[in-house]
Amino acid sequence: MDRRSFLAGAGAALATSQAGLGSTALAATLPAHATAKAAPTIGIQIGAISFQDEGTEKVLDILQEKGACNALFIACFTYGDGIAGRQLPGHPFPDHGVQKEDNFFGGFYTTPHPQYFRNTKMVPQRAPDAGGYDVLADVIPKAKKRGMKTYTWSEDVWNTKVPNFDLIAERDLYGRPAKTACFRNPDHHEFLMSTFQDWTHSYEIDGVMWGSERYGPFGNMVESVHQRNGNDPSRVTCFCQYCQKTAAERGINVSRAIEGYKTLEQWVRFCRGGGTPPDGHYVTFWRMLFQYPEILAWETMWNDGVHETYKSIHDTVKSVNPKMEVGWHVWHAHSFSPFFRAQTNLKKIAPYTDFAKMTVYDNLGGTRMETYITSASKTMYGDMPVEEALEFEYRIMGYRGRSYTELPYVGLDSTYVFHETKRSVEDVAGTNMQIWPGLDVDISNMNVEYSHTAPPGISACTRACFEAGGTGLVISRKYSEMKLANLAAVGDTLRQMKVV
């Protein structure tokens, strides 16, 4: 029997056992914790370009052999090259795939079916960089033969060049269109629901995962996970007609809210410019929130829009096939921002969540923590040295990491992965929601001189995911940036642990 036949047969046997056949024979080979329920989901995020560049069967061979993967999270709609396309520009290519930059643009990597998009002005656009290739039509039949599950993976990232984007764009504090789409805009909402209707009707998928990596206007104004100097405080969103209408319905005074945010904008500019308020940064920060409670009320309304979108996606998918799994990529900010974590109540979203991919990127986490605390030390934490602000941050977020100067060069570690996974598992205790940590394997760091992942660290983090109570994991961020030895570190560790 050749290697491919063996892998396909092994995958099919696993699929049969999960359907309730041959379970007695399988039980003799699995550890006790794996026989009580379905095998843990070992997923990997991957874009269409990898199958096009390397060949579908070859890629599936690699994912099963090296990563012990039994699930694919395929980038099906995005305009961001973080989850689709080849390696990011300026970063070294891995030891597989085409060794040159692609002409990435984004869009649908599947075939949109017009009958599902009749009620939105947003016409679905095929990704021009895919050249008409339908990744689900190609991959699903081949994956099924191997017993591998297929999930659509899509994110809240747009390109302003898309036709009619201005119709769904958020509006900033001064009414200008933003580069992001509003969750309360009916055309955007209908587009999203149409997308999931299409996928669930048109393809034999096993589930869906969607993610949004965004703050509301308050978080965007006072802190940042991606910009050391923070974001432009005048460009925060959203204050469009639909958000203003919802705010009024909630009893929020719209004019007071906008006045409050403009006052907060002035404070942010003053602090970032080197100014020191007479009563200090922290006191004046809270003084504005007390004076304008509409600020946090608006932020809550914005975050509720994300979670209402979760529920709508869940209900849409389940209405087509109740057995399909529906879950979310939960933004890495949950590990850094106490405000974002407070707004992201896992138990509250559990009724409409089958699984959550909790982003616990250890290596990249060092850079993101350093970036976050740098931005926050120029606003609300401006009364203390940045090292003391970092210590305060570690205390309130509940885990430990390296010093401020070391973070980008050494990252976080497996103790961070263990803590954040364990916390998430405990947060959803008593619900049916599963926690599948997102594992950092070669995610491109902001600077090529910063730390990189390596097999020993990847192995330790893989162990931490399951020792902390995770019931699966999602190898991240995309296969096209992963070195094969690092991918193999995941599979080898899972086999040593007898997880697979």
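These figures come from a predicted structure and were not determined experimentally. (Residues numbered from 1 in each chain as written. Predicted model: local features only at pLDDT ≥ 70, side-chain atom pairs only at ≥ 80, totals over all residues. Heavy atoms only, no water.)

## Considerations on the overall build of the protein
Argument step 1. Helix and strand counts for the protein stand at 21 helices and 12 strands.
Argument step 2. Computed over the C-alpha atoms, the radius of gyration of the protein is 23 Å, within 12% of the 23 Å expected from 2.2 N^0.38 for a compact globule of 500 residues.
Argument step 3. For the protein, the spread of C-alpha atoms along the three principal axes comes to 75 × 50 × 50 Å.
Argument step 4. Classification of the 500 residues of the protein by burial places 57% in the buried group.
Argument step 5. As displayed, the protein has an accessible area near 19700 Å², and 53% of this comes from carbon and sulfur atoms. (Helix = DSSP H or I, 4+ residues; strand = E, 2+ residues; numbered from the N terminus. Rg over C-alpha atoms; globule rule 2.2 N^0.38 Å. Buried < 20%, exposed > 50% of the residue type's maximum accessible area, 1.4 Å probe, protein only. Areas by Shrake-Rupley, 256 points an atom, 1.4 Å probe, with all protein chains shown as cover.)

## Observations regarding helix 19 (residues 414-427)
Argument step 1. Taking 1.5 Å per residue, 14 residues should reach 20 Å; helix 19 reaches 20 Å between its end C-alpha atoms and fits that length.
Argument step 2. Turning to helix 19, its buried residues number three or more, namely Y416, V417, E420, T421, R423 and S424. Projection of helix 19 onto a plane perpendicular to its axis shows the buried side chains occupying an angular sector of 160°, all on one side. (Expected span 1.5 Å × (residues − 1). Arc of directions from axis to C-beta.)

## Some words on the state of the cysteines
Argument step 1. Taken as a whole, this structure holds 0 disulfides when the rule is applied.
Argument step 2. Lacking any disulfide linkage, C238 is separated from the closest cysteine sulfur, that of C240, by 3.5 Å.
Argument step 3. Given the relative accessible area of 0%, C238 is considered buried.
Argument step 4. You can call C240 buried: its relative accessible area is 6%. (Disulfide = S-S within 2.5 Å.)

## Things to note about the pairing of strand 4 (residues 149-155)
Argument step 1. Along strand 4, 7 of the 7 residues are buried, which leaves the element largely enclosed by surrounding structure.
Argument step 2. The side-chain alternation of strand 4 yields two buried faces, one formed by K149, Y151, W153 and E155 and the other by T150, T152 and S154.
Argument step 3. Summarising the sheet, strand 2 (residues 71-78) and strand 4 pair through 6 bridges and their orientation is parallel. Residue pairing for strand 4: A75 is matched across the bridge by W153. (Pairing = 2+ DSSP bridges.)

## Points about unusual backbone geometry
Argument step 1. Here the residue pair T237 and C238 is connected by a cis peptide bond, since its omega of 15° sits within 30 degrees of zero.
Argument step 2. For C238, the position within the fold is in the loop between helix 9 (217-222) and helix 10 (241-249).
Argument step 3. A cis amide bond links S476 with the next residue in sequence, R477, at an omega value of 15°.
Argument step 4. Within the secondary structure layout, R477 lies in the loop between strand 12 (472-476) and helix 21 (484-496).
Argument step 5. One non-glycine residue, K498, adopts positive backbone phi at about 60°.
Argument step 6. Looking at the element boundaries, K498 is found in the segment after helix 21.

## Some details on the packing of helix 5 (residues 56-67) against helix 21
Argument step 1. Here helix 5 crosses helix 21 at 50°, and the two axes come no closer than 7 Å. Compared by their axis directions, helix 5 and helix 21 come out oblique. Counting all contacts with helix 5, which are made through I62, L63, Q64, E65, K66 and G67, the residues of helix 21 involved are L484, L487, A488, V490, G491, D492, L494 and R495.
Argument step 2. Its residues assigned to classes, the contact of helix 5 with helix 21 shows 7 nonpolar, 3 polar and 4 charged. (Axes fitted to C-alpha atoms, helices over the stretch in contact; angles between N-to-C directions. Parallel < 35°, antiparallel > 145°, perpendicular 65-115°, else oblique. Contact = heavy atoms within 4.5 Å. Nonpolar A, V, L, I, M, F, W, Y, C, P; charged D, E, K, R; others polar.)

## Some thoughts on the packing of aromatic side chains
Argument step 1. The tally for this structure, following the rule as stated, stands at 39 aromatic pairs.
Argument step 2. Plain terms: the ring middles of F285 and W286 are 5.7 Å apart, the flat faces sit at 75° to each other, and that makes the pair edge-to-face.
Argument step 3. The interplanar angle of 15° and the centroid separation of 4.2 Å between the aromatic rings of F355 and W436 together place this pair among those described as stacked. Linking F355 in strand 9 (residues 355-358) with W436 in the loop between strand 10 (434-435) and strand 11 (438-440), this pair joins segments that are 81 residues apart in sequence. Residue F355 shares its accessibility class with W436, and that shared class is buried.
Argument step 4. Three or more aromatic residues joined by ring pairs form one cluster here, namely F77, Y79, F105, F108, F117, W158, F165, F191, F196 and W199. (Phe/Tyr/Trp six-rings, centres within 6.5 Å; stacked < 30°, edge-to-face > 60°.)

## Some remarks on the environment of V330
Argument step 1. By the element assignment, V330 lies in strand 8 (residues 325-330).
Argument step 2. When the C-alpha positions of V330 and E213 are compared, they lie 7.7 Å apart, and in sequence the two are 117 residues distant.
Argument step 3. Discounting chain neighbours no more than four positions away, the residues touching V330 are T344, A356, K357, M358 and T359.

## So, the confidence of the model for the protein
Argument step 1. Averaged over every residue, the pLDDT of the protein is 93; residues scoring 70 or more account for 93%.
Argument step 2. Here residues 10-36 is modelled with pLDDT under 50, and outside its nearest four sequence neighbours on either side it reaches 17 contacts, counting other chains as well. (pLDDT = per-residue confidence, 0-100.)

## Topic: the side chain of D138
Argument step 1. On the secondary structure map, D138 appears in helix 6 (residues 135-145).
Argument step 2. Separated by 2.5 Å, the side chains of D138 and T56 make a polar contact.
Argument step 3. At a separation of 2.5 Å, a polar atom in the side chain of D138 contacts the side chain of Y133.
Argument step 4. Beyond its immediate chain neighbours, meaning those up to four positions away, D138 contacts F51, T56 and Y133. (Polar contact = N/O pair within 3.5 Å; in protein donor to acceptor, adjacent residues only side chain to side chain.)

## What to know about the environment of E406
Argument step 1. The residue E406 is located in the loop between helix 17 (386-397) and helix 18 (407-410) in this model.
Argument step 2. Relative accessible area serves as the criterion here: at 33%, E406 is assigned to the partly exposed category.
Argument step 3. Placed 313 residues apart in sequence, E406 and F93 show a C-alpha to C-alpha distance of 26 Å.

## What to know about the pattern of salt bridges
Pairing is possible between side chains that carry opposite charge, provided their charged atoms lie close to one another.
Argument step 1. All told, the structure shown has 31 salt bridges when counted by the stated rule.
Argument step 2. Between R423 and D427 there is a salt bridge whose closest N-O contact spans 3.5 Å. Of this pair, R423 and D427 both sit in helix 19, 4 residues apart, roughly one helical turn.
Argument step 3. Residue R423 is classed as buried on the basis of its relative accessible area, which comes to 14%. (Salt bridge = Lys/Arg side-chain N within 4 Å of Asp/Glu carboxyl O.)

## Things to note about helix 11 (residues 254-272)
Argument step 1. If you check helix 11, its first and last C-alpha atoms are 27 Å apart, about what 19 residues at 1.5 Å a residue would give, namely 27 Å.
Argument step 2. At its buried positions, helix 11 is contacted by helix 9, helix 10, helix 12 (281-291) and helix 13 (294-320).
Argument step 3. Looking one or two residues past helix 11, G274 carries a phi angle of roughly 100°, positive in sign.

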